[in-house]
Amino acid sequence: MGQDLDFFVPFVKEITNHYQHYNKRFSIADVMTILRKVTSIRLRSPFVYNQILGDIGRLFNSIRMDERQDIIEAFVRIRIKQTDLFDKLLVKVFQEVQQRRGKLLSLIRALYQIGYDSEEVKRAVPQLLERLDSRRSFELLEVLRFVPILQLSNEAELLSRLEEVNIEPQNLGIEYTQFGEYLRLVYRDNQKLYEKVKSFHTNYDENLAKISSQSETKPFVKETLVEYLKAMKVNASINHKIDGFTVDLFIPDKKLIVNIHTQQDLNFDKFSLTGKAVIHKRIIESFQKQGYKVATVNWVDFSEVQEHLTRVSYLVSAGIESNNQGTYDFSNIKLEESRKKENREAEAVEADEGKADAASDRLDLDAEEDDVPKKN
């Protein structure tokens, strides 16, 4: 597949460069075909996607019902979270998918992937739950797993419907185990919900080990931040466990958790969180009830800063107080070397997960790794 894409790279570049010269002749079917193709090869071109979005807006009234969900899922494939368009599409989609099992599961999983939490979805999901009964247990579980993304005031009431879910124990993906851990740590006063979700698994502990292992990835990012904290005379530990949950960095004398958001945690826009990252963030924030404090570092923003002292200022503004009242020693941190190591680590993660195509980088289109959840 990689060799095939290498062959087509020059053609793809030529087409994207001249897209605006011939797109006015396209029908919605043509636009859909192009959208599927460019997302399937993980093309990273804001210009092309803005053109496609413009075409979809121009042809919106000709979009068929079955194409609405396809458009959403195509954009989600590369983690584009386009609220204005998605909400217009979802108004009709939600009315249809409740009648079609496969479509509902696919839609909710797509919205979960990008942490989609618009006001339209916050209104629609509770209504959808009212219409779902326990005979459609797997769909009910999928929608309930999505509920924490929305941070609704009646979340606990909605999640109580887990009691109605009846699924035979089976091998489930780690995203369901993450949901179980969310219930265990956020709803400590109602462990029945956690036990219920755990009972659906035959592989809960195995998945838990995978989650813990994933939480300990990207050592370079964490080690680099620790070096800056040392310069600030702040002691921190990497991959610290709290109640069995792994946090990126922990500063014990401040009882401060440092949560790091890297490209894997962010959507195409580089600031909104994926669904997985939203749940992770909510778990960490739940520790505040036990007296912990939380600071969040967006690694993408941090790594773009070129000066050491400006990076320190960034960490201070994030809530990490410096204990250094004198001169800062950055001799152990080489910015150019750091960038090279960061790039190598990002490439290694992409190779391990098999979710990025090397040919995309040669398109000069701001490539980044994809993070599509897998189902077992």
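Located above this text is the structure these notes cover.
Residues numbered from 1 in each chain as written. Predicted model: local features only at pLDDT ≥ 70, side-chain atom pairs only at ≥ 80, totals over all residues. Heavy atoms only, no water.

## Here's the deal with the sheet that holds strand β4 (residues 293-298)
Stage number 1. An order of β1-β2-β3-β4 is seen for the 4 strands of this open sheet, with the pairing classed as mixed. Two strands close off the open sheet at either side, each with one partner strand: β1 (237-242) and β4. Across the sheet, the mean angle separating the axes of adjacent strands is 45 degrees when strand polarity is ignored.
Stage number 2. With 6 bridges connecting them, strand β3 (residues 256-261) and β4 associate as parallel partners. Across the sheet, residue Asn-259 finds its bridge partner in β4, namely Thr-296. (Pairing = 2+ DSSP bridges. Helix = DSSP H or I, 4+ residues; strand = E, 2+ residues; numbered from the N terminus. Axes fitted to C-alpha atoms, helices over the stretch in contact; angles between N-to-C directions.)

## A short note on unusual backbone geometry
Stage number 1. Not every positive phi belongs to a glycine, and Arg-79 is a case in point at roughly 65 degrees.
Stage number 2. With respect to the helices and strands, the residue Arg-79 is situated in the loop between α5 (65-77) and α6 (83-97).
Stage number 3. Unusually for a residue other than glycine, Lys-255 sits at a positive phi of about 50 degrees.
Stage number 4. Within the element layout of this structure, Lys-255 appears in the loop between β2 (245-251) and β3.
Stage number 5. Judged by its relative accessible area of 32%, Lys-255 falls in the partly exposed class. (Buried < 20%, exposed > 50% of the residue type's maximum accessible area, 1.4 Å probe, protein only.)

## Examining helix α11 (residues 174-186)
Stage number 1. Under the 1.5 Å per step criterion, the end-to-end length of α11 is 18 Å for 13 residues, consistent within 8% with the ideal 18 Å.
Stage number 2. For α11, the tally of buried residues reaches 13 of 13 residues, placing the bulk of the element in the interior. (Expected span 1.5 Å × (residues − 1).)

## Side note on the environment of Ala-295
Stage number 1. Note that Ala-295 resides in strand β4.
Stage number 2. Each C-alpha atom of the pair Ala-295 and Ile-257 lies 6.2 Å from the other, and the pair is 38 residues apart in sequence.
Stage number 3. Non-local contacts of Ala-295, meaning those with residues more than four positions away in its chain, are made with Leu-256, Ile-257, Val-258, Asn-259, Ala-318, Gly-319 and Ile-320. (Contact = heavy atoms within 4.5 Å.)

## A closer look at the pairing of β1
Stage number 1. Here β1 pairs with β2 via 5 bridges, running antiparallel. The residue of β2 that forms the bridge with Ile-242 is Phe-245.
Stage number 2. Linking β1 back to β2 in an antiparallel pair, the connection comprises 2 residues, with Asp-243 at a positive phi of about 55 degrees.

## Topic: the environment of Leu-273
Stage number 1. With respect to the helices and strands, Leu-273 occurs in the loop between β3 and α15 (275-286).
Stage number 2. We classify Leu-273 as buried; its relative accessible area is 13%.
Stage number 3. Along the chain, Leu-273 and Arg-79 lie 194 residues apart, while their C-alpha atoms are 9.7 Å from each other.
Stage number 4. Apart from residues no more than four positions distant in its own chain, Leu-273 is found in contact with Ile-114, Gly-115, His-261, Asp-265, Leu-266, Asn-267, Val-278 and Lys-281.

## A word on the pattern of salt bridges
Here the idea is simple: oppositely charged side chains can pair when their charged atoms come close.
Stage number 1. One pass over the full model with this rule turns up 21 salt bridges.
Stage number 2. Among the ionic pairs, Arg-135 bridges to Asp-133, the shortest N-O distance being 2.7 Å.
Stage number 3. Three or more residues joined by partner-sharing salt bridges are found here, namely Arg-36, Asp-70 and Lys-103. (Salt bridge = Lys/Arg side-chain N within 4 Å of Asp/Glu carboxyl O.)

Without other data, these values stay purely geometric and don't point to any function.
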